[in-house]
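# Residue-level structure breakdown
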Amino acid sequence: MKRNSRGFTLIELLAVIAIMGVLAGLVVFSVSSVSTTKLGKFANECESLLSRCRVDSLSGAVKPRLEFSVSGDKTVCTLYENSVSVADAKLDLTLGSCSVILNSDSKDTPFSLFSLSFDPVSGVQLKPKVDGVESDKYCTKIIIKGNATYTIELTPETGYHTLKR
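Report follows, based on the coordinates. (Residues numbered from 1 in each chain as written. Predicted model: local features only at pLDDT ≥ 70, side-chain atom pairs only at ≥ 80, totals over all residues. Heavy atoms only, no water.)

## Here's the deal with a nonpolar patch on the surface
- On the surface, a nonpolar cluster with roughly 410 Å² of combined accessible area is contributed by Leu10, Leu13, Leu14 and Ile17.
- Along the chain, the position of Leu10 falls in helix H1 (residues 10-59).
- Overall, Leu10 belongs to the exposed group, its relative accessible area being 59%. (Patch = residues over 30% accessible without salt bridge, like charges linked within 9 Å, V, L, I, M, F, W, Y side chains within 5 Å. Areas by Shrake-Rupley, 256 points an atom, 1.4 Å probe, with all protein chains shown as cover. Salt bridge = Lys/Arg side-chain N within 4 Å of Asp/Glu carboxyl O. Helix = DSSP H or I, 4+ residues; strand = E, 2+ residues; numbered from the N terminus. Buried < 20%, exposed > 50% of the residue type's maximum accessible area, 1.4 Å probe, protein only.)

Shown next as structure tokens:
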């Protein structure tokens with residue numbers, strides 16, 4: 001007796017679907033970990049630029065300021081010294097967003113431009129500018145959200161800051 005061997009059996013079809021499901025899961029996991037890594041890198045770079053801004057301010061040699069801006073499809077953290085851009089970090093908005101919390105308010109403050117600087121004598125945080133307007137409150141947190149959440153916590157009275165995940 002000859003069997004008609006056209007097509008696939010149900011078991012073969014289920015095996016292929018199971019293999020495709022496992023591969024799809026691996027792809028989603030790897031893409032997720034890549035975006036989390038990029039988000040963490042941006043948070044670390046922002047924290048590093050914040051440290052550099054404070055140290056440069058204390059040196060008195062330059063007048064630094066740190067700006068966070070949303071332009072096009074990116075959030076950009078830029079360090080300026082004497083109004084000249086010297087370093088920056090960029091985050092694609094498809095990977096995450098950036099916001100600030102002023103004076104321990106529980107709500108995020110969205111912005112298109114946020115500027116932060118420090119006193120050249122004491123290193124104390126000066127009142128920031130949000131969208132070009134000087135705030136009456138100090139920045140206590142910079143929040144970077146995506147697949148993970150990174151928070152740069154600032155102590156306005158001293159200028160110290162820490163990065164937490």
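## A look at the environment of Ser35
- Looking at the element boundaries, Ser35 is found in helix H1.
- Here Ser35 falls in the buried class, since its relative accessible area comes to 11%.
- The sequence separation of Ser35 and Ile142 amounts to 107 residues, and the corresponding C-alpha distance is 19 Å.

## Quick notes on the environment of Thr75
- On the secondary structure map, Thr75 appears in strand S2 (residues 74-81).
- According to the relative accessible area criterion, Thr75 is buried, its value standing at 1%.
- It is 6.5 Å that separates the C-alpha atoms of Thr75 and Leu93, two residues lying 18 residues apart in sequence.
- With residues up to four places along the chain from it excluded, the contact list for Thr75 reads Phe42, Ser69, Val70, Ala89, Lys90, Leu91, Leu93 and Cys98. (Contact = heavy atoms within 4.5 Å.)

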